[in-house]
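As a plain string of letters, each chain reads:
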Amino acid sequence: MWSIAFQTLIADRGKLLTALVGVVFSIVLVNVQGGLFLGFIKKAGLLADCGEAQIWVGHKKMYNVDFPQDIPRRWVHRVRSVPGVKRAEPYLIGQTNTTLPSGGFELVVVVGADRESLLGNAWNVVQGRPEAILKPNGVIIDEYDREKLEYPEMGEIREVGGLRARVVGFSHGIKSFLVTPYVFTTYERAAAYLRKNPNVCSYYLVQLQPGAEAEEVCAAIRQRVPELDAFPRHVYSRISANYWLTRSGLGISFGAATLIGLFVGFVMVAQTLYALVLDRLTEFGTLKAIGATERQIYRILFLQATFMAVVGSLIGLVLVAAIQHFYSTPVALIFIPGWLSLGSGALVLVICLIASSLPYLRIRKVDPLIVLQS
Amino acid sequence: MIANQLSANSDLQVLPAVGHLARPTQWAVRVEAVHKAYRRGGTTTPVLNGVDLAVAAGECVFLAGPSGSGKTTLLSILGCILTPDRGRVQILDRDVLALDPPGRVCLRRDQIGFVFQRFNLIRGLTALENVCVPLVLRGVSARAAHRRGRVLLEAVGLAEKMGAQPQNLSAGECQRVALARALANNPELILADEPTASLDAANGPEVMKLLRRLTTEEGKTAIVVTHDQRIFPFADRVLWLENGRVVETEQLASPSPAGVGAQRVEA
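Worth saying up front: this structure is predicted, and the values here are computed from it rather than measured.

### Things to note about the overall build of chain A
Line of reasoning, step 1. When helices and strands are tallied, chain A shows 11 helices and 12 strands.
Line of reasoning, step 2. Relative to a compact globule of 374 residues, whose C-alpha radius of gyration would be 21 Å, chain A shows 29 Å and is clearly more extended.
Line of reasoning, step 3. Its C-alpha atoms give chain A principal-axis dimensions of roughly 95 × 50 × 30 Å.
Line of reasoning, step 4. Looking at chain A residue by residue over its 374 residues, the buried ones come to 45%.
Line of reasoning, step 5. Considering only contacts in chain A between residues 6 or more positions apart, those separated by 24 or more positions represent 82%.

See below:
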């Protein structure tokens, strides 16, 4: 049966190619759109995902990593006393302006880490060293923000929040959701740049003792300091992503593009299978006349649709890998987890199978008598 | 010779001629008072008006008559493709009207071989793969199907063309492939619809010789719808249909081996 399905399919190479183009188009669109979407969303919680803190503690209304509300710095001692907490340090995040050599201003997100532990400091530092922020006026920025900040060099003096800042390092790929450059420095200097009262901070970053469960420690922190909230980092990252999803309509626009991709693939596969069937109505009539059952006829279409889905998906995924390799940057991150690739393949397979049922409905009406009425 | 070739093949043991085992009488086909009418719009057009027909096992019977006389409809009823409005149809001792649709499909697949006017080979499949189609539909393994297909193609003289696509075969070769396909499941009954209509003067008789030898040597029953009077000598009997009835029977030879010598009997 496989041989009948396969041979008759490749006999019409033009139509097969059209269907494969449809499937490949769907796979590429779903994966690239989905990858871009996930890449964007990933940026929303980047500080939480990639930093070394396992728990983020903040204001009761904490909903986005980049938009914190002030909490008293002194409460950090209450958090440190919670069983399971190995280390808890204050962390400061806020927005201010930096001056540009051309005379303009650029909004930046200043991130202040505790100078002892450097918890929450820049990672992936490709020029300089992370601890260089301890140098006088030291800041680390991302190399992908060089253009936006008009190409600062190592050691160059800039002004952040009206105060001196010396570029002491460059990280690679720490880009915020809002594409506002991150400026990493010490907690005290960040407070100065942001003109914050040094007695307040944005979060407490917590590291756990070995064997401690993040959820349990979070619950204990909430109990110990009821004015605060605490989340494991992956949970807070998701909360930050949801903030953008629910408030920006981003999910709808990406989702719509993805659905269009799937729909186009569906139409192309359905149209191709239908055209194949119309071309071969007499042959399907012949098969019926020589004893093919309805089930066997559908099996032929099922196998053909499966073949198109599998081959098209494989070609599509190779293309997606190439696109990801050449075009994914921290600015436009294409993040394609395994479940997205597998899920898109499965989705396309389902769509192809649904598409195959349309020509099947046509074949069901074919009377084997047609082969005797020629 | 063909019989020897086919019987010598061990695959035939895998595909027993069920009809031979199950048939206690000498009749391969019995049709009694069959009526069939087509309804289109509000109009009913009678096509068969009480056809009676009995074909003995091993007999080769031709159905002839003008267009619209009901030949193809009768052939379709014999092939379990159409069901009559009234009457009784027995194929290889099985009451066709008592079978459910899947049962009729199985009967058609396992015990009836079709040869069509336009060959109806499947594009994209080689000659060998086309012959194997009925076997594949019956669930025979690919290897066994190919063995059987090769034997059949050798038997119809196409040993060298097994890998050829239908578009690369001549009309005569295509019809021989179609004949081999009709024999794939070792059917008891072969139904042919204008098998020589698309063939030239040389190929038509060649195909009929093959068909005739099969019915003679293998004991198959053949019913052939045709307009082609050149091939009448290959029939045991020619039944003339007009207005949905058998109006005349021309006895050309005693049932079984083909012979010459006509004897007309008014129906």
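### Remarks on the overall build of chain B
Line of reasoning, step 1. Assigned secondary structure in chain B consists of nine helices and 11 strands.
Line of reasoning, step 2. For chain B, buried positions account for 51% of its 267 residues.

### Here we look at the interface of chain B and chain A
Line of reasoning, step 1. With 25 residues of chain B at the interface, the matching set in chain A holds 22 residues.
Line of reasoning, step 2. When contributions to the side of chain B that touches chain A are tallied by element, the ones reaching two or more residues are helix 4 (71–78), helix 5 (101–111) and helix 6 (127–137) of chain B.
Line of reasoning, step 3. With five residues, the single largest contributor to the side of chain B that touches chain A is helix 6 of chain B.
Line of reasoning, step 4. Considering only residue class, the side of chain B that touches chain A consists of 14 nonpolar, five polar and six charged.

### Re the sheet that holds strand 5 (residues 94–95) of chain B
All names here are of chain B.
Line of reasoning, step 1. Pairing in this open sheet of four strands is antiparallel, and the strands run 2-1-4-5 from one edge to the other. Edge strands, defined here as strands with exactly one partner in the open sheet, are strand 2 (43–56) and strand 5.
Line of reasoning, step 2. Relative to strand 5, strand 4 (residues 86–91) runs antiparallel, the two sharing two bridges. What sits directly across from I91, in strand 5, is R94.

### Remarks on the domain arrangement of chain A
The parts lose accessible area when they come together, and the size of an interface is often stated as this lost area.
Residue and element names in this part refer to chain A.
Line of reasoning, step 1. Considered domain by domain, chain A is made up of domain 1 (2–43 + 249–372) and domain 2 (61–226).
Line of reasoning, step 2. Contact with domain 1, which involves four residues of that partner, is made by five residues of domain 2.
Line of reasoning, step 3. For the side of domain 1 that touches domain 2, a count of residues per class yields three nonpolar, no polar and one charged.

### Regarding the packing of helix 10 (residues 294–327) of chain A against helix 11 (residues 338–364) of chain A
Residue and element names in this part refer to chain A.
Line of reasoning, step 1. Direction vectors running N to C along helix 10 and helix 11 enclose 150°, while the axes themselves pass 8 Å from each other. For the crossing formed where helix 10 meets helix 11, the hand is right-handed.
Line of reasoning, step 2. Class assignment for the residues of the contact of helix 10 with helix 11 results in 16 nonpolar, seven polar and two charged.

### Section: the packing of helix 8 (residues 250–279) of chain A against helix 11 of chain A
All names here are of chain A.
Line of reasoning, step 1. For the pair helix 8 and helix 11, the least separation of the axes is 8 Å and the interaxial angle reads 35°. Note that helix 8 runs across helix 11; the crossing there is right-handed. Counting all contacts with helix 8, which are made through L262, G265, F266, V269, A270, L273, Y274 and V277, the residues of helix 11 involved are L347, V348, I351, C352, A355, S356, L358, P359, R362 and I363.
Line of reasoning, step 2. Looking at the contact of helix 8 with helix 11 residue by residue, the class counts come to 15 nonpolar, two polar and one charged.

### A short note on helix 8 of chain A
Residue and element names in this part refer to chain A.
Line of reasoning, step 1. Over its 30 residues, helix 8 runs 43 Å from end to end, which matches the ideal 44 Å to within 8%, given 1.5 Å per residue.
Line of reasoning, step 2. The set of residues buried in helix 8 consists of T258, G261, L262, G265, F266, M268, V269, A270, T272, L273, L276 and V277.
Line of reasoning, step 3. The secondary structure elements touched by the buried residues of helix 8 are helix 2 (13–44), helix 9 (281–289), helix 10 and helix 11.

### Observations regarding the nonpolar core
Line of reasoning, step 1. Within the largest apolar cluster, 119 residues are counted, with the highest numbers of intra-cluster contacts made by V23(A), V269(A), L63(B) and I223(B).
Line of reasoning, step 2. Ranked by the residues each element gives to this core, the list is headed by helix 2 of chain A, at nine residues.
Line of reasoning, step 3. For L63(B), the contacting residues outside a window of four places in its chain are K71(B), L74(B), L75(B), I223(B), V224(B), V225(B), L239(B) and L241(B).
Line of reasoning, step 4. Listed in part, the 57 residues of the second largest apolar core include W56(A), V65(A), L149(A) and Y236(A).

### Here's the deal with the pairing of strand 7 (residues 157–160) of chain A
Residues and elements named next belong to chain A.
Line of reasoning, step 1. Residues R158 and V160 line the buried face of strand 7, whereas the alternating positions I157 and E159 sit on a face that is not buried.
Line of reasoning, step 2. In terms of strand pairing, strand 7 meets strand 8 (residues 163–171) through four bridges, oriented antiparallel. Note that in strand 8 the partner of R158 across the bridge is A165.
Line of reasoning, step 3. Hairpin connection from strand 7 to strand 8: two residues lie between these consecutive antiparallel strands, with G161 at a positive phi of about 60°.

Here is what the cut-offs are and how they apply
Residues numbered from 1 in each chain as written. Chains lettered and ligands numbered in written order. Predicted model: local features only at pLDDT ≥ 70, side-chain atom pairs only at ≥ 80, totals over all residues. Helix = DSSP H or I, 4+ residues; strand = E, 2+ residues; numbered from the N terminus. Rg over C-alpha atoms; globule rule 2.2 N^0.38 Å. Buried ≥ 20, exposed ≤ 12 C-beta atoms within 10 Å, placed from the backbone. Contact = placed C-beta atoms within 7 Å. Nonpolar A, V, L, I, M, F, W, Y, C, P; charged D, E, K, R; others polar. Pairing = 2+ DSSP bridges. Domains from an automatic or database assignment. Axes fitted to C-alpha atoms, helices over the stretch in contact; angles between N-to-C directions. Left-handed = near helix turned anticlockwise from the far one by under 90°. Expected span 1.5 Å × (residues − 1). Core = buried A, V, L, I, M, F, W, Y, C linked by C-beta atoms within 7 Å.

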